[in-house]
Amino acid sequence: MLRFAPSPTEDMHIADLRVALFNYILSVQKKEDLLIRIEDIDKEANVEGKDKEIIGLLDLFGIKYSNVMYQSENVKHHRTMALSLLHEKIAFNCFCTPATLETKKEEAKANNKAYSYDEACLSLSPEQTIDNEDAFTVRLRKPSVDVEFTDLINAKLSFSPIEVDSFIILHADKSPTYNFACAIDDMLADITMVIRDEDHLSNTPKQIAVRAALNYTKEIQYAHLPNILNGSGEKMSKSDEGFNLKSLLEEGFLPEAIINYLVFMGNKAPQEIFSLKDALEWFDLSKISKSPVTFDIDKLRFINARHLDLLDDIELSRYVGFADADIGKLAKLYLNSQEASTTKELKAKISAIFSDKQMPEEFAQAASTMKAVIKNAPFFEEFNDFKSYIMKESGLKEDFFFTPLQLLLTGAPNGPEVEKMYPFIKNYMPEIVK
Ligand code: GLU
């Protein structure tokens, strides 16, 4: 079983989708199920409705899973296991106040030292514990030996006991911490492989230590994905274009294009344009880039245009408010002349064709003459016949013919050649020139 474990605390972003996608691909390749675990135990951070939104996005992107569960369903198990660790003295109560701990962290920082817990409460006597009415957390004793694991992307990694630390497993309100809950949930769900962002790399030895303390010996494979950077070389964040999935979809990027790009990025793909189904055949997790990858919105635009171009003409026309193959073909002219690369841009181009046109002062007279001629013109199958008729009837020439014609028919001074567009707009002439 593999899992995707989103926190319902913020909008789903591009790096989350990459994690979900790679877990899905691996689940198909390994012929195992994919579990969606909504990590909802940080009640204050949860945002109402985000869980449903995330699941809706997974469905939209074609990521199939066998089950959805909520981490809060397992809190009873987290507590029971913490109690048993306390009982076995592998875990201990810690009465250090947040203020004391903060001061110690600041001291370490001032001395340029990495902070680790000073074990102040490790050896309290039973009396010191029982008679103490102060709030306490529960900590897991740090391991006695290094924690080692082989990451599928980052090779062999080793963490010293001090790096793992005697960390908190139950907060003062006795709710489980992320590392404790996550380690137990992966164990309970019989997870075989965890694919997640490299931000979690330092959590992994802690989670391995939790399961070792619980005598769970089955190995879980780990793959930590390198960060996605913005154009300035920083880790991508909310303020970067392309980060938020909902915004990308609103901008008119197709789910299949976003998936194509995410698999393509930092990978050795046999071709540039492919479907998720294709990627299931050749995707090799061990071959993805070990170093951070840079998000390139222009590359995504290019891939999006290619996916739009692959759509059936009528289907494409639906994205711009029609159900007509001619409009789909017209949209493809805009895609192939690099005038548009998203459905939103296409919609703007096509609606400009049907809107009331603004004429620059110098062409106002010519355009008004031409408009009257077009409105009274018969239907012409061929562009050349149409052009000759308008030219003859209007008496307009050269620039005073071609520029107003382009503006009247397309609403824009440039774009695909009118001659190429004509076959697809000829039936709409009364709606275009009103
Ligand atoms: N809930 C964590 C997050 O959204 C993921 C934890 C994990 O994959 O282990 O970052």
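The coordinates are above.
The following refers to the structure shown. Predicted model only: the values in this text are computed from it and were never measured.

What counts, and at which threshold
Residues numbered from 1 in each chain as written. Predicted model: local features only at pLDDT ≥ 70, side-chain atom pairs only at ≥ 80, totals over all residues. Heavy atoms only, no water. Helix = DSSP H or I, 4+ residues; strand = E, 2+ residues; numbered from the N terminus. Buried < 20%, exposed > 50% of the residue type's maximum accessible area, 1.4 Å probe, protein only. Contact = heavy atoms within 4.5 Å. Lys, Arg positive; Asp, Glu negative; His and termini not counted. Charge placed at Lys NZ, Arg CZ, Asp CG, Glu CD. Pairing = 2+ DSSP bridges. Axes fitted to C-alpha atoms, helices over the stretch in contact; angles between N-to-C directions. Near = heavy atom within 4 Å. Polar contact = N/O pair within 3.5 Å; in protein donor to acceptor, adjacent residues only side chain to side chain. Areas by Shrake-Rupley, 256 points an atom, 1.4 Å probe, with all protein chains shown as cover. Nonpolar A, V, L, I, M, F, W, Y, C, P; charged D, E, K, R; others polar. Parallel < 35°, antiparallel > 145°, perpendicular 65-115°, else oblique. Left-handed = near helix turned anticlockwise from the far one by under 90°. Expected span 1.5 Å × (residues − 1). Arc of directions from axis to C-beta. 1 Å grid on protein atoms, 1.4 Å probe; cavity = no way out; pocket = protein on both sides within 12 Å on 5 of 7 lines; lining within 4 Å. Points joined across faces, edges and corners; volume = space filled by probe spheres on them. Core = buried A, V, L, I, M, F, W, Y, C linked by side-chain atoms within 4.5 Å. Phe/Tyr/Trp six-rings, centres within 6.5 Å; stacked < 30°, edge-to-face > 60°. Lys NZ or Arg CZ within 6 Å of the ring centre and 35° of its normal.

**Here's the deal with the overall build of the protein**
At step 1: Within the protein, the regular secondary structure consists of 20 helices and twelve strands.
At step 2: The C-alpha extent of the protein, read off along each of the three principal axes, is 105 × 45 × 35 Å.
At step 3: When the 434 residues of the protein are sorted by exposure, 48% land in the buried category.
At step 4: Long-range contacts, defined here as pairs at least 24 residues apart, represent 73% of the contacts in the protein between residues at least 6 apart.
At step 5: Looking at charge distribution, the protein has the averaged site of its 50 positive side-chain charges lying 2 Å from that of its 69 negative ones.

**Quick look at the sheet that holds strand E4 (residues 91-94)**
At step 1: Reading across from one edge, E4-E5-E8 is the order of the three strands in this open sheet, with antiparallel pairing throughout. Sheet topology places E4 and strand E8 (168-170) at the edges, where each strand pairs with a single neighbour. In this sheet, neighbouring strand axes are inclined to one another by 45° on average, regardless of whether the strands run parallel or antiparallel.
At step 2: By the bridge criterion, two bridges tie strand E5 (residues 137-140) to E8 in an arrangement that is antiparallel. Looking across to E8, one finds that Val-138 is bridged to Leu-170.

**Overview of the site of the ligand**
At step 1: Close contacts around the ligand come from Arg-3, Ala-5, Ser-7, Glu-39, Tyr-178, Cys-182, Arg-196 and His-200, and that covers them all.
At step 2: Note that an oxygen atom of the ligand is positioned 2.9 Å from one of the side-chain N or O atoms of Tyr-178.
At step 3: Between His-200 and the ligand, the recorded distance is 3.0 Å, taken from a side-chain N or O atom to an oxygen atom.
At step 4: In the complex, 79% of the free accessible area of the ligand, which totals 300 Å², lies under the protein chains.
At step 5: When its residues are assigned to classes, the shell around the ligand shows three nonpolar, two polar and three charged.

**Structural notes on the packing of helix H12 (residues 297-310) against helix H14 (residues 325-336)**
At step 1: Look at H12 against H14: their axes get within 10 Å of each other, and the N-to-C directions meet at 155°. Considered as vectors, H12 and H14 are oriented roughly antiparallel to each other. Considering the relative orientation of H12 and H14, their crossing is left-handed. Packed against H12, whose contacting residues are Ala-305, Arg-306, Leu-308 and Asp-309, the element H14 presents Lys-332, Leu-335 and Asn-336 at the interface.

**What about helix H15 (residues 343-354)?**
At step 1: Between its first and last C-alpha atoms H15 spans 17 Å; for twelve residues at 1.5 Å apiece the expected length is 16 Å, and the two agree.
At step 2: All of the buried residues in H15 are Thr-343, Leu-346, Ile-350, Ile-353 and Phe-354. Projected onto a plane normal to the axis of H15, the buried residues spread over an arc of 95° and lie on a single side.

**Describing the packing of helix H16 (residues 361-376) against helix H18 (residues 398-410)**
At step 1: The contact between H16 and H18 brings their axes to 9 Å, and the two run at 70°. Taken as axis vectors, H16 and H18 run roughly perpendicular relative to one another. Here the hand of the crossing between H16 and H18 comes out right-handed. Contacts between H16 and H18 pair Glu-362, Phe-363, Ala-366, Ala-367, Met-370, Lys-371 and Ile-374 from the former with Asp-399, Phe-400, Phe-401, Thr-403, Pro-404, Leu-405 and Leu-408 from the latter.

**Overview of the pairing of strand E3 (residues 67-70)**
Residues in a regular strand project their side chains so that they alternate between the two faces of the sheet.
At step 1: As paired strands, strand E2 (residues 34-38) and E3 are joined by four bridges and run parallel to one another. When the sheet's bridge partners are listed, Ile-38 is paired in E3 with Tyr-70.

**Comments concerning empty space enclosed by the protein**
At step 1: This structure, assessed with the given rule, holds one cavity of 30 Å³ or more.
At step 2: By volume, the largest cavity amounts to about 40 Å³.
At step 3: Lining the largest cavity are Arg-18, Phe-22, Pro-226, Met-265, Gly-266, Ile-288, Ser-289 and Val-293.
At step 4: Of the residues that constitute the lining of the largest cavity, the class distribution is five nonpolar, two polar and one charged.

**Some remarks on the nonpolar core**
At step 1: Counting 92 residues, the largest nonpolar core has Ile-14, Ile-258, Leu-285, Leu-330 and Phe-386 as the members making the most contacts within it.
At step 2: Element by element, the count of residues in this core is highest for helix H1 (residues 14-29), at ten residues.
At step 3: Beyond its immediate chain neighbours, meaning those up to four positions away, Leu-330 contacts Ile-350, Ile-353, Met-421, Phe-424 and Ile-425.
At step 4: Membership of the second largest hydrophobic core comes to 29 residues, among which are Val-164, Met-187, Ala-209 and Tyr-222.

**Details of the packing of aromatic side chains**
At step 1: Evaluation of the coordinates by the stated rule reveals 16 aromatic pairs.
At step 2: An angle of 55° between the planes, with centres 5.3 Å apart, marks the rings of Phe-363 and Phe-400 as tilted. Separated by 37 residues along the polypeptide, Phe-363 in helix H16 and Phe-400 in helix H18 bring together distant segments of the chain.
At step 3: Overall, the relative accessible area of 7% leaves Phe-363 in the buried class.
At step 4: On the basis of an interplanar angle of 90° and a centroid distance of 5.0 Å, the ring pair of Phe-401 and Phe-402 is categorised as edge-to-face.
At step 5: Members of the aromatic cluster, each reached through a chain of ring pairs, are Phe-149, Phe-159 and Tyr-222.
At step 6: Against the face of Tyr-117 rests Arg-139, its NZ or CZ located 3.6 Å from the ring centre.
At step 7: Across from the ring centre of Phe-136, 3.9 Å away, lies the NZ or CZ of Lys-174, which sits over that ring.

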